[in-house]
Amino acid sequence: MASVTNLTNLTPATTSAGSRSSSVLPRSSVNLRSFNAKLSSASHLSLRYNPQYRPSLFVRCSASGGNGSTAKRTTLHDLYEKEGQSPWYDNLCRPVTDLIPFIARGVRGVTSNPAIFQKAISTSDAYNDQFRTLVESGSAIKKAYWELVVKDIQDACKLFEPIYDQTEAEDGYVSVEVSPLLADDTKTTIKAAKLLHKSVNRRNVYIKIPATAPCIPSIRDVIASGISVNVTLIFSIARYEAVIDAYLDGLEASGLDDLSRVTSVASFFVSRVDTLMDKMLEKIGTPEALDLRGKAAVAQAALAYQLYQKKFSGPRWEALVKKGAKKQRLLWASTSAKNPAYSDTLYVAPLIGPDTVSTMPDQALEAFIDHGTVKRTIDANVSEAEGVYSAIEKLGIDWNKVGEQLEEEGVDSFKKSFESLLATLQDKANTLKLASH
């Protein structure tokens, strides 16, 4: 409840009809035609080199000087233009303008989570000035946290606004998650989502809500109120179907005649499934079980896409389409390979298909840029995916229980990141207070 209370004190940015907040980047910053010039002149952009690949196309969040680079076409452009999959970047930190070369090279949206902000804020001094001002003005730590986060989200939204407009609300979103401490609280999650949406006050923001059982009704109600949602931490097909139903129910309950601006993505986590499933298969230890290692996650994702196609068709869906409704796209999350023995594009390359999103952290994004192949793969081997899924069930592994365990671990991980960051901010605040005496 405290995090919701703190959110009420945030100052929403003004809309385009009013004066703009000083925290928002100027319109000229997001002119796509100026990207090349910015890459040459922006002193804070620095190229990152990984000797495993060719010189990297991307930048770290850095305040140091760099040599810049000119934008060029990449496989990310082909991914969207040829196969209809939107590549997003799973990271956000200051300076947010470091996202400019990512956009120029094909990135079409950004996802964030408590772990990403924990790393960004606790390891960078780019937040110090704003945090010092907040502390000196008497802000509580949680309120200060949300102020830092909201500023980053607003600035990132401004950068992606041209893509949002060009695609008529299909793409160009920036995602921000409600407090992970609310994952078991239906009503407070609804309240927190509405307050966070109001505080960010950007057309292209996605409010992230976890797909826990208590939050499924939250998703429905938030969608019904006209707020676009990124449903996160989906680990099983059964829970994914509940998420789709919540979206459809929310659209129907909204009472809106025009549904074209209420959109959603369903973030289906991939690599974490194999991380847990491989351990279970190794424990069983039979040749059949060992042969299934590294196959479970992609197989389940392929079957989730089959469910997506089924649910977003037929009379119920067509009635919503007449009001402008857009499909809740599947978003592949957790796309970096955790096992070094696996291909670094294992959770990207086999999941390419139309009307989907793949959000990638640096490692996966850089790998796919360097040696990824662009072709439709998501439904190329459905029978094989069904075989893997069935074979795992025959070994006595319950997919739903695996999903429940991963969901619990995911929520706990985000809670720890959130609480760790609050503790770090409290230490910083204490240091500032001591220094001022």
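Bear in mind the structure is a predicted one, so any value in this text is a computation, not a measurement.

Calculation rules
- Residues numbered from 1 in each chain as written.
- Predicted model: local features only at pLDDT ≥ 70, side-chain atom pairs only at ≥ 80, totals over all residues.
- Heavy atoms only, no water.
- Helix = DSSP H or I, 4+ residues; strand = E, 2+ residues; numbered from the N terminus.
- Buried < 20%, exposed > 50% of the residue type's maximum accessible area, 1.4 Å probe, protein only.
- Contact = heavy atoms within 4.5 Å.
- Phe/Tyr/Trp six-rings, centres within 6.5 Å; stacked < 30°, edge-to-face > 60°.
- Lys NZ or Arg CZ within 6 Å of the ring centre and 35° of its normal.
- Pairing = 2+ DSSP bridges.
- Right-handed = clockwise from strand over helix to strand, strands pointing away.
- Axes fitted to C-alpha atoms, helices over the stretch in contact; angles between N-to-C directions.
- Parallel < 35°, antiparallel > 145°, perpendicular 65-115°, else oblique.
- Nonpolar A, V, L, I, M, F, W, Y, C, P; charged D, E, K, R; others polar.
- Lys, Arg positive; Asp, Glu negative; His and termini not counted.
- Salt bridge = Lys/Arg side-chain N within 4 Å of Asp/Glu carboxyl O.
- Polar contact = N/O pair within 3.5 Å; in protein donor to acceptor, adjacent residues only side chain to side chain.
- pLDDT = per-residue confidence, 0-100.
- Arc of directions from axis to C-beta.

Visitor: I keep staring at the overall build of the protein chain and nothing clicks. Help me out?
Guide: Across its full length, the protein chain carries 17 helices and seven strands. The proportion of buried residues among the 437 residues of the protein chain is 57%. Here the contacts in the protein chain between residues at least 6 apart in sequence split such that 76% fall between residues at least 24 apart.

Visitor: Explain the packing of aromatic side chains here, please?
Guide: To describe a pair of aromatic rings, you give the distance between the ring centres and the angle between the ring planes. Throughout the structure, instances matching the rule amount to 15 aromatic pairs. A centroid spacing of 5.9 Å and a plane angle of 90° characterise the contact between Y240 and F268, whose relative ring orientation is edge-to-face. Here the residue Y240 occupies a position in helix α10 (residues 237–253), and F268 occupies one in strand β5 (residues 264–269), the gap between them amounting to 28 residues. The exposure class assigned to Y240 is buried, which follows from its relative accessible area of 0%. Summarising the aromatic geometry, the rings of Y305 and Y308 are spaced 5.5 Å apart at their centres and angled 25° between planes, so their arrangement reads as stacked. On the criterion of helical spacing, the pair formed by Y305 and Y308 is a turn pair, its members being three residues apart in helix α13 (residues 296–311). Over the ring of Y80 we find R108, and its NZ or CZ is 3.5 Å from the ring centre.

Visitor: I keep staring at the pairing of strand β3 (residues 205–210) and nothing clicks. Help me out?
Guide: Every regular strand shows the same layout, with side chains that alternate between the two sheet faces. With six of its six residues buried, β3 lies for the most part within the structure. Because side chains alternate across β3, one face comprises the buried residues V205, I207 and I209, and the other comprises Y206, K208 and P210, equally buried. Bridging between strand β2 (residues 174–177) and β3 involves four bridges; their strand directions are parallel. Counted as the bridge partner of V174 is V205 from β3. Once the chain exits β2 it traverses helix α8 (residues 186–200) before rejoining the sheet at β3, and the crossover so formed is right-handed. Where β3 meets strand β4 (residues 229–234), four bridges bridge the pair, whose relative direction is parallel.

Visitor: Hey, could you run me through the packing of helix α3 (residues 75–83) against helix α15 (residues 362–371) in this one?
Guide: To characterise two packed helices, one gives the angle between the axes of the helices and the distance between these axes. For the pair α3 and α15, interaxial distance at closest approach is 8 Å and the crossing angle is 85°. When the axis of α3 is compared with that of α15, the two are roughly perpendicular. Along the contact surface, α3 presents T75, L76 and L79, while α15 presents L365, F368 and I369. Residues belonging to the contact of α3 with α15 are distributed by class as follows: five nonpolar, one polar and no charged.

Visitor: Looking at this structure, I do not really get the side chain of D274. What am I missing?
Guide: Tracing the sequence through the fold places D274 in helix α11 (residues 271–284). An unpaired buried charge is present at D274: no salt bridge exists, and K338, the closest side chain of opposite charge, is 10 Å distant. Here Y347 takes part through its side chain, which lies 2.6 Å from a polar atom of the side chain of D274. Here D274 is in contact with G294, K295, A296, A297 and Y347, once residues within four sequence places are set aside.

Visitor: What is the right way to read unusual backbone geometry from this model?
Guide: Between R94 and P95 the backbone carries a cis peptide bond, its omega angle lying at -5°. Within the secondary structure layout, P95 lies in the loop between β1 (85–89) and α4 (100–104). One non-glycine residue, A169, adopts positive backbone phi at about 75°. By the secondary structure assignment, A169 is in the loop between α7 (141–166) and β2. Positive phi is not limited to glycine here, since L233 has a value of about 60°. One can find L233 in strand β4. On the accessibility criterion, L233 (1% relative accessible area) is buried.

Visitor: Got a minute to help me understand the confidence of the model for the protein chain in this structure?
Guide: In low-pLDDT regions, the fine details of the predicted coordinates are not to be read closely. When pLDDT is averaged across the protein chain, the result is 87; 83% of the residues are at 70 or more. Counted against residues more than four places away or in other chains, residues 13–59, with its pLDDT under 50, gives 111 contacts. Note on residues 62–69: pLDDT is under 50 here. Beyond four places in sequence and across chains, it has 23 contacts.

Visitor: Looking at this structure, how should I read helix α6 (residues 128–136)?
Guide: In an α-helix, one turn spans 3.6 residues, which is why side chains three or four residues apart end up on the same side. Buried within α6 we find Q130, F131, L134 and V135. Buried positions in α6, seen along its axis, are confined to an arc of 130° and lie on one side of it. Those residues of α6 that are exposed and angled more than 90 degrees off the buried face are D129, T133 and E136. One or two steps after α6, the chain reaches G138, where phi turns positive at roughly 95°.

Visitor: Mind showing me how you'd approach the pattern of salt bridges here?
Guide: Where side chains of opposite charge bring their charged atoms close, a pairing between them can arise. As enumerated under the stated definition, the model contains 21 salt bridges in all. Its salt-bridge partner being R94, residue D152 comes within 2.5 Å of it at the nearest N-O pair. Of this pair, D152 sits in helix α7 while R94 sits in the loop between β1 and α4; the two residues are 58 residues apart in sequence, bridging distant segments of the chain. Linked through salt bridges whose partners overlap, the residues forming this network are K158, E161, D165 and R203.

Visitor: Help me understand the pairing of strand β6 (residues 329–333) in this model?
Guide: Among the five residues of β6, five are classified as buried, and the element is accordingly described as predominantly covered. Pairing of β6 with strand β7 (residues 356–360) involves three bridges; the strand directions are parallel. Each bridged residue has a counterpart across the sheet, and for L330 the counterpart in β7 is T356.

Visitor: Quick question: what am I supposed to make of the environment of S264 here?
Guide: Residue placement: S264 occurs in strand β5. For S264 and I207, which are 57 residues apart along the polypeptide, the C-alpha to C-alpha distance reads 9.3 Å. Not counting chain neighbours up to four residues away, the residues in contact with S264 comprise Y206, I223, V229, V231, Y247, K327, Q328 and R329.

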